[in-house]
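Chain by chain, the residues run as shown.
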Amino acid sequence: MDITILLLMVAASVGGAVLYTIIGVAPGTDETAVLAPVTLALVLLEVPPQVVLAFFISAIVAKKLTDSIPVAIAGIPGGVMAAPMVEHAMVLKKHGLPDVSIRKMASGSVIGTLVSIPFSVLVASLIIPYAEAISAHSGLIFFLGAVFLALMSSSKFLSLVIILPFALLIQGLRQLYWDTGIVPPETTVFVSFFLGITIGPIIFKLFELTNKESRNSSQILGFKEISLKKPKPVKGFPNPFSILTKQEVGTSALTSALGTLTFFLSPVGMTIFLGESLTRHIKDPVKRASRAISSMDGLTNAAYLSGTLIPLIAIGLPLSPMAIGPANALFNAPPILTPENNIHHILSMGEIIFASVVGAAIALFITFYATIKYSNEICSFVFKYIPHEAMIGLFAGLVVMLAFMDAGWVNIFGVILIALVSGLLHRHGVNYGVMFMILYAAPWLLGVVGN
């Protein structure tokens, strides 16, 4: 491998680890909203694919390691995937053990990473012989994926009914752009529509606040006081296997393996199901909470990594909630990457594995150490000096820029339309994954319905 590419991979991994260590601590940061735009921007800047992949894997590992910090300290999830752990983290906080909570969750994440990467390669190797058949029926698979995720959603009927109308909205805008000459017929607007879905809930809430009645009815919480307890100092580099008990290591490894096998299912759903199922027999509340949070954190890391790596190595299509969400730019970022020519096709399996290992190793080294040693200081800095609104504004601005690059000024309003519809649907229980699957299935579905 070219030494220049290797150095760029290391630099990108360090940058991803540092950036998403900070972002992970910020309360309520959605994984798709903060990862997809940055990864997409790197791809469109024509950064080498090995470097983009190393950055992304490092960012995922760092984000999943640090989103446990605000959960343990303040009961506020640092991301969507951290939400199922709040109840157990509050049990440990109630017993005066927030520092133990952070260490257990971070150590579970390390176990999840160590188990998931080699296991993902094994599962991908078993799927590779069927890759051509899967790719040939990708439109149908995406449609069936939308139906499956709709049935898994909290609002099943609405999720099923909206599949065709949402596909009509997507393809209708594309046809409008073609007919008016905004984009040439051979160009399919995808990236900005994807990002419109991503920021849908934020845009819908912002527009909702322009209504006086909605503003007046909103609950104003005021300032939230958060007290930080000084943790016990840790000497040397922390060892996750000594932080966790043997039982916790075993359960974390088991949930990580199961999370890897079920890479095509909802990571949130599997986290809740497996985390609760494997710990409900434990009577002691502290031991149960410790086992649950370490197992859940291991599973979330494994689900995110396997959901990226297995489709990337074996198929080249984003056939998992993770791949179709935060990792989508690795599969489809036209004109640089397309479903027919993406990282799966450009890099060999060995190159994908090497880039993933570099990214994961650097993130573990930097972020795990920082999480265990300086969790209070990091949390205090982020809570005091990094407004959540500033990060939302940054990513929203990036979306507007990419929308303009995709199809000019008109497309900014097209993306706002998609964002408002997506935000409304999300508000009423339609899963992100359903809308992303429809985005991919729309051309095939309208082709079938039209005939």
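Structure shown above.
The following paragraphs examine the structure supplied in this document. (Residues numbered from 1 in each chain as written. Predicted model: local features only at pLDDT ≥ 70, side-chain atom pairs only at ≥ 80, totals over all residues. Heavy atoms only, no water.)

## Re the packing of aromatic side chains
Aromatic ring pairs are defined here through the distance separating the ring centres and the angle between the ring planes. What counts, and what does not: Pairing of aromatic rings covers Phe, Tyr and Trp, the last through its six-membered ring, and needs centres within 6.5 Å; plane angles under 30 degrees mean stacked, over 60 mean edge-to-face, and all others mean tilted. By the criteria applied, helices consist of DSSP H or I runs no shorter than four residues and strands consist of E runs no shorter than two, each listed in order from the N terminus. Any Lys NZ or Arg CZ found within 6 Å of a ring centre and within 35 degrees of that ring's normal is scored as a charge over the ring.
Across all of its chains, the model carries 6 aromatic pairs by this definition. Each ring, one from Y20 and one from F55, has its centre 6.2 Å from the other, and the planes form 70°; the classification is edge-to-face. Taken together, the residues Y20 in helix α1 (residues 3-25) and F55 in helix α3 (residues 49-66) connect sequence positions 35 residues apart. Taken together, the ring pairs connect F142, F190 and Y440 into an aromatic cluster. The positively charged end of K64 is found above the aromatic ring belonging to Y304, 5.4 Å away from the centroid.

## What to know about the pattern of salt bridges
To be explicit about the condition: We count a salt bridge whenever a side-chain nitrogen from Lys or Arg sits within 4 Å of a carboxyl oxygen from Asp or Glu.
If you walk through the whole model with that rule in mind, you get 3 salt bridges. The closest approach of N and O atoms between E208 and K205, which form a salt bridge, is 3.5 Å. Of the two residues, E208 and K205 both sit in helix α12 (residues 200-208), 3 residues apart, roughly one turn of that helix. In this structure, a network of salt bridges that share partners links the residues K205, E208 and R427.

## Looking at the nonpolar core
Formally: Among buried residues, the Ala, Val, Leu, Ile, Met, Phe, Trp, Tyr and Cys ones that are joined through side-chain atoms within 4.5 Å form a nonpolar core. Relative accessibility thresholds used throughout: buried, under 20% of the residue-type maximum; exposed, over 50%; partly exposed, between the two (1.4 Å probe, protein chains only).
The biggest cluster of nonpolar side chains holds 108 residues, and the ones touching the most others in it are Y20, F166, F193 and L330. In terms of residue count, the dominant contributor to this core is α3 (12 residues). Core analysis: the second largest hydrophobic core is formed by 14 residues, M85, V86, A289 and M296 among them.

## Thoughts on helix α5 (residues 86-94)
Put simply, the rule reads: For this quantity, the arc is that covered by the directions from the helix axis to the C-beta atoms.
Taken as a whole, α5 has its buried residues at V86, H88, A89 and L92. Taken down its axis, α5 places every buried residue within 165° of arc, on the same side. Residues of α5 that are exposed and angled more than 90 degrees away from the buried face: E87 and K94. Among the residues trailing α5, G96 stands out with phi positive, at a value near 75°.

## Things to note about the packing of α3 against helix α6 (residues 98-127)
Convention followed: Inter-axis angles, ranging from 0 to 180 degrees, are taken between N-to-C directions of lines fitted to C-alpha atoms, where helices are fitted over the stretch in contact. Should an angle fall under 35 degrees it is taken as roughly parallel, and over 145 as roughly antiparallel, whereas 65 to 115 is taken as roughly perpendicular and any remaining angle as oblique. The sense of a crossing depends on the near helix, which, turned anticlockwise from the far helix by less than a right angle, makes the crossing left-handed and, turned clockwise, makes it right-handed. Note on definitions: a residue-residue contact is assigned when non-hydrogen atoms from the two residues lie within 4.5 Å.
Where α3 meets α6, the axes come as close as 8 Å, and the angle between the chain directions of the two elements is 150°. The pairing of α3 with α6 is recorded here as roughly antiparallel in orientation. You can see that α3 and α6 cross each other, and the crossing is right-handed. Of α6, the residues touching α3 (which contributes V61, K64 and L65) are A106, S109, V110 and T113.

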